[in-house]
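# Close look at the chain arrangement
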Amino acid sequence: TNCSCIAGHTGLDGQQCTSCYVGTFKVGNGTGACLDCGVATYSTTVAAVSPDTCLSCPNHTNSSHGSSAITNCSCVLGYTGPDGAACVGCVVGKYKEETGSSACVDCVVKTWSDTIAAPAADTCEACANHSSSDAGSSLITDCICDAAWFGPLSGPCALCRAGEWCSGGTNYSCPVFASSEAGSDEQTDCQCVPRYVGHDGGTCALCSANHWCPGSNVSHQCLGNSSSPHGSAAQAECICNGGFEGPAGGPCTPCQEDTWCYRGNLTNCPANSDSPVISDNKTDCVCRPGWYAENGKECVVCPADSFCEGGNLIQTCPAHASSPSNSNSSEACTCNPSWYGPQGGTCSYCEEGSWCFGGKQNSCPLSAWSEVGAFQITNCTCVGGFKGADGGTCTRCQSGTWCIFGNEHNCSADSNSPAQSWEVTQCICDGGYIGNDGGPCSACPAGTFKEGNGTGVCTACAMDLYSTTIAASDASTCVSCPAFTRS
């Protein structure tokens, strides 16, 4: 029993001793037990007599008590590598929260870590709101604002504004004349504003004339007979062309006769004026014949003694002609009384022997006459030697009378005249009577006689003759005196 186990061995005194296993050691003699190598060490020595046989594990590894091989040394948290070898710390953006040879794990998306050899997931810090990072991100600046948000690397991030689109944390302005809703994340979210047209995200051009563009890449053509200016945004900006009527945007129909249409509105021509179909201006309204005014103005009735063929022209009738109001052509101009000529033509003064009325020259009745300028049939008076009412039938004046200006006058007593006599001096004394032509006539006294008609004198009966006959017209009335008497 005095025999005891030597260093590196253990057992009861006097009995068989066993060697200390690898990973253990025993420094002195006796019955003491073998001691384990400490953590983070290992020993491959059998019957080790000193703790110095316990070798340190490689850097950043650890082992349990009594480890017997270098491969019992495994990587600590935050490090990785094969068992028994030196371990490498997890790079930034990764962590390892278990021992052993497993690989480092990436920080998840939307987190980042700048810690080397991070031992736990909670070393991965969250990105700012509305920003993201790739898995394994190592810098706060790896946090980029999400699509539709913008801001500096690492945040904070703001919602993309209207008229912009945001990607990769950067805000971009939409192209000129394009806009977008707030929160847009692609350039194609930029659509042309009304009045412009183009592909989404592309160049926007001013809407063409006669089209309307509500926005984006849409362009509509105006309906027929309507038009719009460049840059129209709505169908209502398509206005009916001149000469067509209809609401804004159409449809448009032709403007009817006697009206005019501007910007789709129909207006009647002023009274007594006309216009053709598809008239587009008030000045297309032209006064009708018989009226006059500037085109488009209220028409005035054509005054008397003139004629209006339509429009704004008023023409005076020729000299010595007249017309009623509302006359529409020169044919309405009739020569005034005492003048004659064709309708609308030159008027001539009425000549003697005729009468002129209504532009016509009329001859006086047979055996009647008129002075120049006569204007009615009663201006025609029977010529000398004829009788009758003015303008009526003229008959020959009978013997024993004389006629002037249509009036019949009897010759004085005891005088006579031939038929168709026209003045009183054509009444001459009968035989047996004396006196001036147109006289009165005096009877020849007894004892005288006057043969034949005219202005002769009474002749005395010859000597020894006598006559008791008054107004004797022949010498035979003188008879001889009784026998043995004389005169």
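Rules used in this analysis
Residues numbered from 1 in each chain as written. Predicted model: local features only at pLDDT ≥ 70, side-chain atom pairs only at ≥ 80, totals over all residues. Heavy atoms only, no water. Helix = DSSP H or I, 4+ residues; strand = E, 2+ residues; numbered from the N terminus. Rg over C-alpha atoms; globule rule 2.2 N^0.38 Å. Buried < 20%, exposed > 50% of the residue type's maximum accessible area, 1.4 Å probe, protein only. Contact = heavy atoms within 4.5 Å. Disulfide = S-S within 2.5 Å. Polar contact = N/O pair within 3.5 Å; in protein donor to acceptor, adjacent residues only side chain to side chain. Phe/Tyr/Trp six-rings, centres within 6.5 Å; stacked < 30°, edge-to-face > 60°. Core = buried A, V, L, I, M, F, W, Y, C linked by side-chain atoms within 4.5 Å. Pairing = 2+ DSSP bridges. Salt bridge = Lys/Arg side-chain N within 4 Å of Asp/Glu carboxyl O.

When its secondary structure is counted, the protein shows 0 helices and 58 strands. Radius of gyration (C-alpha) of the protein: 76 Å, far over the 23 Å computed for a compact globule of 487 residues. Dimensions along the principal axes, computed over C-alpha positions, put the protein at roughly 275 × 25 × 20 Å. Looking at the protein residue by residue over its 487 residues, the buried ones come to 36%. Of all intrachain contacts in the protein linking residues separated by at least 6 positions in sequence, the fraction that spans at least 24 positions is 22%.

This structure, assessed with the given rule, holds 29 disulfides. For Cys 37, the disulfide goes to Cys 54, at an S-S distance of 1.8 Å. Judged by the sign of its S-S torsion, about -80°, the cystine formed by Cys 37 and Cys 54 is left-handed. Taken as a pair, Cys 37 in the loop between strand 4 (35-36) and strand 5 (41-42) and Cys 54 in the loop between strand 5 and strand 6 (55-56) lie far apart in primary sequence, 17 residues in all. The pair formed by Cys 37 and Cys 54 is uniform in burial state, with each residue classed as buried. Paired through a disulfide, Cys 461 and Cys 478 show a sulfur-sulfur distance of 1.7 Å. Torsion about the S-S bond of the Cys 461 and Cys 478 cystine: about -75°, corresponding to left-handed handedness.

Quick look at the side chain of Ser 232 now. For Ser 232, the position within the fold is in the loop between strand 27 (226-227) and strand 28 (239-240). Among the polar contacts listed, one links the side chain of Ser 232 to the backbone oxygen of Pro 229, at a separation of 2.8 Å. Among residues more than four places away in sequence, those in contact with Ser 232 are Arg 195, Cys 207, His 211, Trp 212, Cys 213 and Glu 237.

Turning next to the environment of Trp 260. Tracing the chain through its elements places Trp 260 in strand 31 (residues 259-262). For Trp 260, a relative accessible area of 16% puts it in the buried group. In this view, Trp 260 contacts Cys 255, Asn 265, Leu 266, Thr 267, Asn 268, Cys 269, Ser 279, Asp 280, Asn 281, Lys 282 and Cys 285; residues no more than four positions away in its chain are not counted.

Under the definition given, this model contains 3 aromatic pairs. An angle of 25° between the planes, with centres 4.6 Å apart, marks the rings of Trp 165 and Tyr 172 as stacked. Given the relative accessible area of 15%, Trp 165 is considered buried. Under the relative-accessibility criterion, Tyr 172 is labelled partly exposed at 36%. Ring centres of Trp 339 and Tyr 349 lie 4.8 Å apart, and the angle between their planes is 55°; on these two criteria the pair is classed as tilted. With Trp 339 in strand 41 (residues 339-340) and Tyr 349 in strand 42 (residues 348-349), this residue pair connects regions lying 10 residues apart in the sequence. Relative accessible area serves as the criterion here: at 18%, Trp 339 is assigned to the buried category. You can call Tyr 349 partly exposed: its relative accessible area is 41%.

Below, the discussion takes up the nonpolar core. Counting 8 residues, the largest nonpolar core consists of Trp 355, Cys 364, Ala 368, Ala 374, Cys 380, Cys 382, Phe 386 and Cys 394. Excluding residues that lie within four positions of it along the chain, Trp 355 makes contacts with Cys 350, Lys 360, Gln 361, Asn 362, Ser 363, Ala 374, Phe 375, Gln 376, Ile 377 and Cys 380.

Two strands pair when backbone bridges link them, and strand 43 (residues 354-357) and strand 44 (residues 360-363) are joined in this way by 4 bridges, in the antiparallel orientation. Its bridge partner lying in strand 44, Ser 354 is registered against Ser 363. Hairpin connection between strand 43 and strand 44: a loop of 2 residues separates the two successive antiparallel strands, and Gly 358 in this loop has a positive phi of roughly 65°.

Sheet analysis places strand 49 (residues 401-404) next to strand 50 (residues 407-410), joined by 4 bridges and oriented antiparallel. Bridge pairing in strand 50 places Cys 403 opposite Glu 408. Here strand 49 folds back onto strand 50, and the loop between the two strands holds 2 residues, one of which, Phe 405, carries a positive phi near 55°.

Below, the discussion takes up the side chain of Ser 370. Mapped onto the fold, Ser 370 is located in the loop between strand 45 (368-369) and strand 46 (381-382). Within the structure, the side chain of Ser 370 is placed 2.7 Å from the backbone oxygen of Ser 354, a separation counted as a polar contact.

We now examine the environment of Ser 421. For Ser 421, the position within the fold is in the loop between strand 51 (415-416) and strand 52 (428-429). Ser 421 sits in the buried class, given a relative accessible area of 0%. Sequence-distant contacts of Ser 421, defined by excluding residues within four places in its chain, comprise Gly 385, Cys 397, Thr 401, Trp 402, Cys 403 and Gln 426. Polar side-chain contacts of Ser 421 include one of 2.6 Å to the backbone oxygen of Pro 418.

A few words now on unusual backbone geometry. A cis amide bond links Gly 155 with the next residue in sequence, Pro 156, at an omega value of 0°. For Pro 156, the location among the structural elements is in the loop between strand 17 (149-150) and strand 18 (158-159). We note that Asp 305 has phi near 70°; this positive angle belongs to a residue other than glycine. Within the fold, Asp 305 resides in the loop between strand 36 (300-301) and strand 37 (306-307). Not every positive phi belongs to a glycine, and Phe 405 is a case in point at roughly 55°. In this structure, Phe 405 sits in the loop between strand 49 and strand 50.

Moving on, we get to the pattern of salt bridges. Throughout the structure, instances matching the rule amount to 7 salt bridges. Its salt-bridge partner being Arg 161, residue Glu 164 comes within 3.0 Å of it at the nearest N-O pair. Glu 164 sits in the buried class, given a relative accessible area of 10%.

For Ala 419, the location among the structural elements is in the loop between strand 51 and strand 52. For the pair Ala 419 and Gln 398, spaced 21 residues apart in the sequence, the C-alpha separation amounts to 4.5 Å. Aside from chain neighbours lying at most four places away, what touches Ala 419 is Arg 396, Cys 397, Gln 398 and Ser 399.

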